[in-house]
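Overview (structure and organization)
Residue-level listing of the chains:
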Amino acid sequence: DLTMLGIGAIIGTGIFVLTGKGALTAGPALCVSFLLAAVCCGFAGLCYAEFAAMLPVSGSAYSYSYATLGEFVAWFIGWNLVLEYMFAASTVAVGWSGYLNSFLEHFGLGLPASLAAAPLNVVDGAIVYTGGIVNLPAVAIIAAISGLCYVGITQSAFVNSIIVAIKIVVI
């Protein structure tokens, strides 16, 4: 389950959504960019492995910073982790929402922009009103995943394993 959790964190929605945008930016060097990112992720993993060997408790960066830098720094890092997970989860939910809406559009069941888009978007550095009220599929996805996490770790680990298997098959 831990291996599947790590693979699921590495192979996220971004690899499917951002590959095309990355190809526009990096051009033929896209593979080199991904390889460089993989090496950096490997180094980050080695750092966490060293932290875990020095301080074998759960708690991630919060515990490591608490043991080395004190309570205030650990508190600050802990809340930054909460913010990071919040933005990561919302980004993934918006990506899944886009996939779901484009899938439903093939059957003529697509949601209107007012229920499938964020109210504001940044275009060329300017904030633009999109006509959306709420991204309803993204809200439903966040609610479903929150409910799954509430049910229990065994069930969420099982669902994670299924999703990771699907991602690996797609890749």
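1. Looking at the environment of Leu120
With respect to the helices and strands, Leu120 occurs in strand S1 (residues 120-123). Here the alpha-carbon distance between Leu120 and Thr25, two residues 95 residues apart in the chain, equals 24 Å. The residues contacting Leu120, other than those within four sequence positions of it, are Ile127, Val128, Tyr129 and Thr130.

2. Structural notes on the layout of surface pockets
As a volume, the largest pocket reaches approximately 2400 Å³. Lining the largest pocket are 49 residues, with Leu5, Gly6, Gly8, Ala9 and Ile10 positioned closest to its centre. At the level of secondary structure, the elements contributing two or more residues to the lining of the largest pocket comprise helix H1 (2-10), helix H2 (13-26), helix H3 (30-54), helix H5 (71-105), helix H7 (136-151) and helix H8 (153-170). Residue composition of the lining of the largest pocket, by class: 32 nonpolar, 13 polar and 4 charged.

3. Considerations on the packing of aromatic side chains
The relation between two aromatic rings is expressed through the spacing of the ring centres and the mutual angle of the planes. Taken as a whole and judged by the stated rule, the model has 6 aromatic pairs. Aromatic side chains Tyr48 and Phe51 sit 6.1 Å apart centroid to centroid with 85 degrees between the ring planes, which places their arrangement in the edge-to-face category. Placement of both Tyr48 and Phe51 in helix H3 is noted, with a separation of 3 residues, approximately one turn of the helix. Given a relative accessible area of 39%, Tyr48 falls into the partly exposed group.

Definitions and limits used
Residues numbered from 1 in each chain as written. Predicted model: local features only at pLDDT ≥ 70, side-chain atom pairs only at ≥ 80, totals over all residues. Heavy atoms only, no water. Helix = DSSP H or I, 4+ residues; strand = E, 2+ residues; numbered from the N terminus. Contact = heavy atoms within 4.5 Å. 1 Å grid on protein atoms, 1.4 Å probe; cavity = no way out; pocket = protein on both sides within 12 Å on 5 of 7 lines; lining within 4 Å. Points joined across faces, edges and corners; volume = space filled by probe spheres on them. Nonpolar A, V, L, I, M, F, W, Y, C, P; charged D, E, K, R; others polar. Phe/Tyr/Trp six-rings, centres within 6.5 Å; stacked < 30°, edge-to-face > 60°. Buried < 20%, exposed > 50% of the residue type's maximum accessible area, 1.4 Å probe, protein only.

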